[in-house]
Amino acid sequence: MKYVFFDIECACVYKNVAKICVFGYCIADEQFNILEKEDILINPNGKFHLTDHGGEGIVLPYDYNDFKKYPDFKKFYPRIKELLEGEDRLVFGHAAVNDVKYLNLETKRYKLPSFSFRFADTQVLYMAMTETFDRQAGLESLTQIFEIDYTPHCAADDAYATMRIAQEMCVKENCTLPELLEKFNIRFGRIGNYQYCNCSSTRRTEYLREKSRLKRERGEKRAKFNDFVYGYRVRPQTDEWRGKRFSFSRSIEEELPLAKSLVKEIVRRGGRYSLKLSGCNTFVEEAGDDSVRCSAAHKLQEEGKIAEIYTLDDFRARFMPAEE
């Protein structure tokens, strides 16, 4: 069995266009001995417009003028297809579904038959092994963790780094690469008939399902709270908080009994509750809450648009001692 690790660089990537300029690969045997390692330079038949996922410009370690000397993707398609397809090999990439997408778009662009192979993803595998499902593990960050030297954005070196990451994970778990995939319930991604699906793990699927459920429940709680605020109309008993417009952090809004009782007290004392952060001048948050809403509230305070910010404990201690 051969392990084929690959990486792709593109001259530009848009929604339905990905002009491949480099296909890099590293082939290893089952003991991770390197059998082949090469960059295949490809004429992208287009201009270079390079950005990363954050929109920042990136620089490839090649002379861009050299790409015009090479044939286009159609010429290299049979070779790439031979590298990736076959029962005697396992194909790997890091964030591999992106590169699979690029291959799919190029076959459509040049009206070539679809690729057909299955693939695993070292990013998915690492997240499953470490159970860090809340953030993606970039190739560069993993090379730092595993102390691997490589040249970023050199496709063959990226493929080599992916191979070394897989090797280090096997060493850490004291097993072979197929055993590692089985141990963490990795489901292969696939491409065929111009359709593709991502590699996944059972634990990450469960994590995302639970995350979706919790998000849905939070949304339902906020909807109920919003309905309560819109519908709560009583006459104030004092003018103590006249002119004060309160707003809470999401975590407080989602604690329905607590949030409702606080709103009732605010209205009783002559204040109002604003569902929009921009409409409040007093904000209440849980201690240590670093959510986007709380960060925005602190920024508005710096700009003088929110007069007061209290933690929930401080707010209750100062203004609602009877509840303690």
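This text goes with the structure placed above it.
Residues numbered from 1 in each chain as written. Predicted model: local features only at pLDDT ≥ 70, side-chain atom pairs only at ≥ 80, totals over all residues. Heavy atoms only, no water.

Student: Looking at this structure, how should I read the state of the cysteines?
Tutor: Two cysteines joined by a covalent bond between their sulfur atoms form a disulfide. Inspection of every chain in the model, using the stated rule, returns 0 disulfides. Of all cysteine sulfurs, the one in cysteine 21 lies closest to cysteine 154, which takes part in no disulfide; the gap is 11 Å. Just so you know, cysteine 280 is unpaired, no disulfide at all, and the nearest cysteine sulfur is the one on cysteine 294, 11 Å from it. Cysteine 280 sits in the buried class, given a relative accessible area of 2%. (Disulfide = S-S within 2.5 Å. Buried < 20%, exposed > 50% of the residue type's maximum accessible area, 1.4 Å probe, protein only.)

Student: Can you walk me through the packing of helix α3 (residues 122-130) against helix α5 (residues 155-173) in this structure?
Tutor: Each pair of packed helices gets described by two things: the angle between the helix axes and the distance between those axes. Two elements in contact, α3 and α5, have axes whose closest approach is 10 Å; the angle formed by their N-to-C orientations is 25°. By the criterion of interaxial angle, the relationship of α3 to α5 is roughly parallel. Classified by chirality, the crossing of α5 by α3 is left-handed. Here Thr122, Leu125, Tyr126 and Met129 of α3 come into contact with α5, specifically with Thr162, Ile165, Ala166, Met169, Lys172 and Glu173. Considered class by class, the residues forming the contact of α3 with α5 number 6 nonpolar, 2 polar and 2 charged. (Axes fitted to C-alpha atoms, helices over the stretch in contact; angles between N-to-C directions. Helix = DSSP H or I, 4+ residues; strand = E, 2+ residues; numbered from the N terminus. Parallel < 35°, antiparallel > 145°, perpendicular 65-115°, else oblique. Left-handed = near helix turned anticlockwise from the far one by under 90°. Contact = heavy atoms within 4.5 Å. Nonpolar A, V, L, I, M, F, W, Y, C, P; charged D, E, K, R; others polar.)

Student: Just to check I follow, could you spell out α3 for this structure?
Tutor: For α3, the tally of buried residues reaches 8 of 9 residues, placing the bulk of the element in the interior. Listed as buried for α3 are Thr122, Gln123, Val124, Leu125, Tyr126, Met127, Ala128 and Met129. Where α3 begins, the side chain of aspartate 121 points an oxygen toward the backbone nitrogen of glutamine 123, at a separation of 2.8 Å. Residue glutamate 131 follows α3 closely and has a positive phi angle near 55°. (Polar contact = N/O pair within 3.5 Å; in protein donor to acceptor, adjacent residues only side chain to side chain.)

Student: Would you mind showing me how to read the nonpolar core here?
Tutor: Formed by 62 residues in total, the largest nonpolar core has its most connected members in Phe23, Phe73, Leu84, Leu103 and Leu177. Discounting residues that sit within four places of it in the chain, leucine 84 has contacts with Val4, Phe6, Phe23, Arg89, Val91, Leu103, Phe115 and Phe117. (Core = buried A, V, L, I, M, F, W, Y, C linked by side-chain atoms within 4.5 Å.)

Student: Can you walk me through the pattern of salt bridges in this structure?
Tutor: When the charged atoms of two side chains with opposite charge come close together, those side chains can pair. Summed over all chains, the structure comprises 21 salt bridges. Between aspartate 157 and lysine 37 there is a salt bridge; the shortest N-O distance is 2.9 Å. Of this pair, aspartate 157 sits in helix α5 while lysine 37 sits in strand β3 (residues 34-41), and the two are 120 residues apart along the sequence. By relative accessible area, aspartate 157 is classed as buried at 15%. The shortest N-O distance in the salt bridge between glutamate 303 and lysine 305 comes to 3.5 Å. (Salt bridge = Lys/Arg side-chain N within 4 Å of Asp/Glu carboxyl O.)

Student: Sorry if this is basic, but what is going on with the side chain of asparagine 43 here?
Tutor: One can find asparagine 43 in the loop between β3 and α1 (73-84). Here asparagine 43 falls in the buried class, since its relative accessible area comes to 17%. There is a polar contact of 2.9 Å between the side chain of asparagine 43 and the backbone nitrogen of asparagine 45. Residues contacting asparagine 43, with those up to four places away along its chain left out, are Phe67, Lys68, Tyr70, Pro71, Asp72, Phe73 and Tyr110.

Student: How should helix α10 (residues 292-302) be read in this particular structure?
Tutor: Each α-helix winds once per 3.6 residues, and so residues spaced three or four apart point in a common direction. Within α10, the full set of buried residues consists of Arg293, Cys294, Ala297 and Leu300. Summarising the axial view, the buried residues of α10 lie within an arc of 120°, below the 170-degree limit, and thus occupy one face. Within α10, the exposed residues directed more than 90 degrees away from the buried face are Val292, Lys299 and Glu302. Packing partners of the buried residues in α10 comprise β10 (245-248), α8 (250-253), β12 (282-285) and β13 (308-311). In the segment just after α10, glycine 304 is the residue with positive phi, at about 80°. (Arc of directions from axis to C-beta.)

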